[in-house]
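What follows is the residue order along each chain.
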Amino acid sequence: MFALVDCNNFYASCECLFEPKYIGRPLVVLSNNDGCVIARSQEAKALGIVMGTPAHLAQDSFRKNNVVVCSSNYTLYGDMSDRVMKTMKSFVPRMEIYSIDEAFLDLSELSFEDLDKLGLAIRETVIKNTGIPVSVGIASTKTLAKMANRYAKKKHRSSGVFYASDENLVDEMLGATAVEDIWGIGHQYALLLRKNGLATAKDLTRIPGDWVRRNMSVTGLRLWNELLGVPSKEWEFEPKDKKNICTSRSFGKLTNDYSIIKEAISNHAATCALKLRNQQTVCRFVKIFISTNPHKVNMKQCHHAIVIQCETATNSTPEIIAYSIKGLDLVFDKNNFLYMKCGVEVLDVIPETELQLNMFDLKDRNKSKKALEVMDMVNKEWGRGTIRMAVQRFDNRYRLRADFLSKRFTTRLDEIIQIHI
DNA sequence: TCTGGGGTCCTAGGACCC
DNA sequence: TCTGGGGTCCTAGGACCC
């Protein structure tokens, strides 16, 4: 048995926790750069505000409806997520964290008779410990548990728990779930299924598996099996090492200023290098890309990318920065484009231990490794960027907009919540 | 002024080898 | 008339997720 526990309107719930005056009001959280809506409170959903709405197009409607607008505060959400996960983990021997706001719990070895009650207990404890409301779906496969969770939110709002305990309940749920609401069915597959007269998850379970295999590849077939109650998605209790790591951001505004772009690229490269070191891996290739704003249809467009092979696989900040700048210099074109976004991606990531040394490599890698270890230690203790490469600068001139940022209530002493008595 | 950022997996098809 | 065939590796692109 699988339980999928999912925080309700997670980012919006986090914002309300520390500003009780927001409770009951429509609230939206915006993406990086205050670009578009990525989370909504229940009240905002009720107003019909859609995911992905560009903030600048919705400003009038926000004002008219007295909507609270927040920039995204990942420090706060990340810390709240840790707290929620810790509480959930206390109920089961094993748990798979699936995303910042949801986790699969392994119920297979529990002697708990009444899983409905377990679901309620999880919900109550999480809200008591963290203040975050969650919903619980319980079923025989991951895909069905996801669906049960969604069904709990829709049809069992007051309890917030749905346990698809027998065939009839599974059937009822499958019949009530539209194909586009199945986990793993996106826009394209939904269109295909609709075109073939399939409207609900139940319809999908009734067609032959080889049709599914032919039209939706092996991932589709796995999904089909899961709907039929045959577990086909494996547990991943330990997060796998990333195979590629990408860091990218939009600039605050369009630019063709080489020094600003170089600074941004250097910072993205440094972030990638740090992520590599955190999972004890190295990369063999570094890719940089730089692109214009595709929404500006009247401006000249480009999406330039270049992959550079490392002499020796590496996770060193200065080396990855150097490769990235080399790449940038090859594609940057000051005269023809105004750029909106750039990024660095490290490819072909392998464990540090598998590193093959290049016989022509003359660098003293042990020495630079020690220096990086010290740098990481200091940065962990004193905050990111305390020690950095000169090219990363200190003033962050490509800084993103975040005009409505809440405090980091739970991780910074100087931003802790204050109560006036 | 203003439209996110990060990932994964799978497949088709080209390049290349003998 | 007839223009090999089988295999691997790599990449681009499409699908999906939160």
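Here the structure is shown first, and the text comes after it.
The notes below deal with the structure included here. (Residues numbered from 1 in each chain as written. Chains lettered and ligands numbered in written order. Predicted model: local features only at pLDDT ≥ 70, side-chain atom pairs only at ≥ 80, totals over all residues. Heavy atoms only, no water.)

## Digging into the overall build of chain A
Item 1. Counting its secondary structure elements, chain A contains 13 helices and 12 strands.
Item 2. Principal-axis analysis of the C-alpha atoms gives chain A an extent of 65 × 60 × 50 Å.
Item 3. Looking at the 421 residues of chain A, the share that counts as buried comes to 44%.
Item 4. When contacts within chain A are restricted to residue pairs at least 6 apart in sequence, those whose partners lie at least 24 apart make up 69%.
Item 5. With the model as given, the accessible surface of chain A reaches about 22900 Å², and the carbon-plus-sulfur share is 53%.
Item 6. Each charge sign in chain A was given a centre, from 58 positive and 49 negative side chains, and these centres are 5 Å apart. (Helix = DSSP H or I, 4+ residues; strand = E, 2+ residues; numbered from the N terminus. Buried < 20%, exposed > 50% of the residue type's maximum accessible area, 1.4 Å probe, protein only. Contact = heavy atoms within 4.5 Å. Areas by Shrake-Rupley, 256 points an atom, 1.4 Å probe, with all protein chains shown as cover. Lys, Arg positive; Asp, Glu negative; His and termini not counted. Charge placed at Lys NZ, Arg CZ, Asp CG, Glu CD.)

## Here's the deal with the environment of isoleucine 97
Item 1. Relative to the helices and strands, isoleucine 97 resides in strand E5 (residues 95–99).
Item 2. Considering only alpha carbons, one finds isoleucine 97 and proline 239, 142 residues apart in sequence, at a separation of 8.0 Å.

## Quick look at the protein's contact with DNA strand C
Item 1. Residues in contact with DNA strand C amount to 13 residues; listed here are only the nearest, Ser99, Lys146, Gly184, Gly186 and Tyr189.
Item 2. At the protein interface, 100% of the atoms of DNA strand C within 4 Å belong to sugar or phosphate.
Item 3. The separation between a sugar or linking oxygen of DNA strand C and a polar side-chain atom of tryptophan 183 is 3.2 Å.
Item 4. Between DNA strand C and glycine 186 there is a distance of 2.9 Å, counted from a phosphate oxygen to a backbone nitrogen or oxygen.
Item 5. Of all the elements in the fold, those that place two or more residues in the surface near DNA strand C are E5 and helix H8 (187–195).
Item 6. The greatest single-element share of the surface near DNA strand C, amounting to three residues, is contributed by H8. (Near = heavy atom within 4 Å. Polar contact = N/O pair within 3.5 Å; in protein donor to acceptor, adjacent residues only side chain to side chain.)

## A word on the packing of helix H1 (residues 10–18) against helix H4 (residues 74–89)
Item 1. Interaxial distance between H1 and H4 falls to 10 Å at its minimum, and their mutual angle equals 95°. Relative to H4, the element H1 lies roughly perpendicular. Counted together, Phe10, Tyr11, Cys14, Glu15, Leu17 and Phe18 of H1 and Tyr74, Leu76, Tyr77, Met80 and Ser81 of H4 form the full contact between these two elements.
Item 2. Along the lines of polarity and charge, the residues of the contact of H1 with H4 split into nine nonpolar, one polar and one charged. (Axes fitted to C-alpha atoms, helices over the stretch in contact; angles between N-to-C directions. Parallel < 35°, antiparallel > 145°, perpendicular 65-115°, else oblique. Nonpolar A, V, L, I, M, F, W, Y, C, P; charged D, E, K, R; others polar.)

## Brief notes about the pairing of strand E12 (residues 339–351)
Item 1. Among the 13 residues in E12, 10 count as buried, and that is most of the element.
Item 2. Note that strand E9 (residues 245–255) and E12 share seven bridges and pair antiparallel. Residue pairing across strands places isoleucine 245 opposite valine 346, the latter belonging to E12.
Item 3. Here strand E10 (residues 281–291) pairs with E12 via 10 bridges, running antiparallel. Looking at the pairing, cysteine 283 lines up with valine 349 of E12. (Pairing = 2+ DSSP bridges.)

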